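Survey of secondary and tertiary structure
Listed below, chain by chain, are the residues.
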Amino acid sequence: MASAAPATAAHDFVRYNLLYGGDLAAAEGPFFLAAQSERDFTERSFRINLRTGAGRRIHLPGLGLRAGGDRLAVQQAIQAPSSPEFNDTAVISMPAKGGPPTTLASAHAVSSSRPRGFCGRYVELVDVTTDGRVITNESRKPCDIERRGHGALYAYAPAGRRLLTRRRVLTAFLGGQVRVAGDWVLVTGNYRSHETQSTYLVNTRTGTERRLLRDVGVYTQDVDRHGNAVVSYLRHDGDRRVRLFLADGTSRVIARPSGSAHARFCGDGLAVFQFFGERLLSLTFRDHPTARPRTLLFSEPGYAIPQSACNSSTFAFVEDRLSDDGYTSLTTVRAYSLRPRQSGEPRSAAP
């Protein structure tokens, strides 16, 4: 794994050569974490320190990497070859800077004739919040297909395990897109069998819910601790939009990308990353959701892979780029500082 010099200017990036793009996650502070599968399908993961430019290979005891605050988490699934009728799942957490792993929740399911294949208890890693809480969806699926299953969202923190909600609008979205911040949960999926895909914002403290979108294809979504939400989506007419939903109940379209777009809250700010085919179109950042956007990257050659992550100071994404020989493709992680460029500070360029 190649290392690079530390990022010192507003638009410097740190580059790491990877075999294939995989999960990319950001803890608060200098740490980014990348995980991807090699050609033999074994997992290979790195901890990237953006302050020093150092990268170190680490072992993660599971897949589906998530990170936030000072924690990271993965999900582990064990299906014994000698007993394929059993399926055990667990959510495992560890400090982002390194340390022993801790099993937060585990469950056991058995094979059944149900369409989903297993019944019993199941635990799913949902998210890791910016304050380091690990969010799980813990459900029970009856082996009797006539009975309805039930589940609940839980938050794990140093103080212990806390129930977030048992509301059906959340726990019905097993496998859907879910983001959590503060008391807010943003979820996209098919809520009822007769309903098309919808996006809901739920306050777990008051129990109120608000439907934001219906019958669209969602690329990415995020929510901040104040209850603001942002969704990048595709309409049936082919129109792509990034819409900001403010906590006061209003909404506005903040981008109409010609290609795909990732929209994420990074601390109290909002980043929108647009890419189309072999062009990296733009990376813009607002210091708060309603502020004017600052352009950090605009129209460079390269092929963006749909993985990105950020914390309050840095935005990173994965891209493919040809090496100097013009034939070899390198998959890299590029990281951009989100802090404002000081007066007279040079705009850095790719080496």
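Remember, it's a predicted structure, so these values are computed and weren't measured experimentally.

The next thing to look at is the packing of aromatic side chains. Enumeration over the complete set of coordinates arrives at 4 aromatic pairs. Taken together, a centroid distance of 6.3 Å and an interplanar angle of 10° make the contact between phenylalanine 317 and tyrosine 336 stacked. One end of the pair, phenylalanine 317, is in strand β27 (residues 314-322); the other, tyrosine 336, is in strand β28 (residues 329-337), with 19 residues separating them in the sequence. Across the pair, tyrosine 336 and phenylalanine 317 agree in class, each one buried. Each residue in the set Phe273, Phe275, Phe315, Phe317 and Tyr336 is aromatic and connected to the rest through ring pairs, giving one cluster.

Neighbouring strands of a sheet are bound in pairs by backbone hydrogen bonds; such pairs are parallel or else antiparallel. Spatial ordering of the open sheet is given by β14-β15-β16-β17, a layout of 4 strands whose pairing is antiparallel. For this open sheet the edge positions go to β14 (177-181) and β17 (209-214), each flanked by a neighbour on one side alone. Neighbour-to-neighbour, the strand axes of this sheet turn through a mean angle of 15°, independent of strand direction. Bridging between strand β15 (residues 184-189) and strand β16 (residues 198-203) involves 6 bridges; their strand directions are antiparallel. If you follow glycine 189 over to β16, its bridge partner there is serine 198.

The next thing to look at is the confidence of the model for the chain. Scored by pLDDT, the chain comes out at a mean of 77, with 70% of its residues at no less than 70. Overall, residues 1-13 carries pLDDT values under 50, and its contacts beyond four positions in sequence, including any with other chains, amount to 50 contacts. Contacts for the low-pLDDT stretch residues 346-351, under 50 throughout, to residues beyond four places or in other chains number 11 contacts.

Cysteine pairs can be linked by a disulfide, which is a covalent bond between their two sulfur atoms. As enumerated under the stated definition, the model contains 1 disulfide in all. The disulfide that involves cysteine 266 links it to cysteine 310, with 2.1 Å between the sulfurs. With the S-S bond torsion at -95°, the cross-link from cysteine 266 to cysteine 310 turns out left-handed. Within this pair, whereas cysteine 266 is found in strand β22 (residues 260-266), its partner cysteine 310 is found in strand β26 (residues 303-310), the two being separated by 44 residues in sequence. The same class applies to cysteine 266 as to cysteine 310, namely buried.

Take unusual backbone geometry next. Within the chain, aspartate 215 stands out as a residue other than glycine whose phi angle is a positive 60°. Assignment of secondary structure puts aspartate 215 in the loop between β17 and β18 (217-223). For aspartate 215, a relative accessible area of 33% translates into the label partly exposed.

Turning our eyes to something else, we now look at the environment of glycine 217. Topologically, glycine 217 is positioned in strand β18. Overall, the relative accessible area of 30% leaves glycine 217 in the partly exposed class. When the C-alpha positions of glycine 217 and glycine 189 are compared, they lie 9.9 Å apart, and in sequence the two are 28 residues distant. Not counting the four nearest positions on each side in its chain, glycine 217 is found in contact with Gln197, Ser232, Tyr233 and Leu234.

This brings us to the sheet that holds strand β19 (residues 229-234). Spatial ordering of the open sheet is given by β18-β19-β20-β21, a layout of 4 strands whose pairing is antiparallel. Because the sheet does not close on itself, it has two edges, and the strands there are β18 and β21 (251-255). Taken pair by pair, the neighbouring strands of this sheet meet at an average axis angle of 25°, ignoring direction.

As enumerated under the stated definition, the model contains 10 salt bridges in all. In this structure, arginine 235 engages aspartate 237 in a salt bridge whose closest nitrogen and oxygen atoms are separated by 2.5 Å. The class for arginine 235 is partly exposed, based on a relative accessible area of 29%. Its relative accessible area of 53% is what places aspartate 237 among the exposed residues. As a salt-bridge pair, aspartate 239 and arginine 241 come within 2.7 Å of each other at their nearest N and O atoms. One network of salt bridges, with partners in common, ties together Asp127, Arg179 and Asp222.

Cut-offs applied
Residues numbered from 1 in each chain as written. Predicted model: local features only at pLDDT ≥ 70, side-chain atom pairs only at ≥ 80, totals over all residues. Heavy atoms only, no water. Phe/Tyr/Trp six-rings, centres within 6.5 Å; stacked < 30°, edge-to-face > 60°. Helix = DSSP H or I, 4+ residues; strand = E, 2+ residues; numbered from the N terminus. Buried < 20%, exposed > 50% of the residue type's maximum accessible area, 1.4 Å probe, protein only. Pairing = 2+ DSSP bridges. Axes fitted to C-alpha atoms, helices over the stretch in contact; angles between N-to-C directions. pLDDT = per-residue confidence, 0-100. Contact = heavy atoms within 4.5 Å. Disulfide = S-S within 2.5 Å. Salt bridge = Lys/Arg side-chain N within 4 Å of Asp/Glu carboxyl O.

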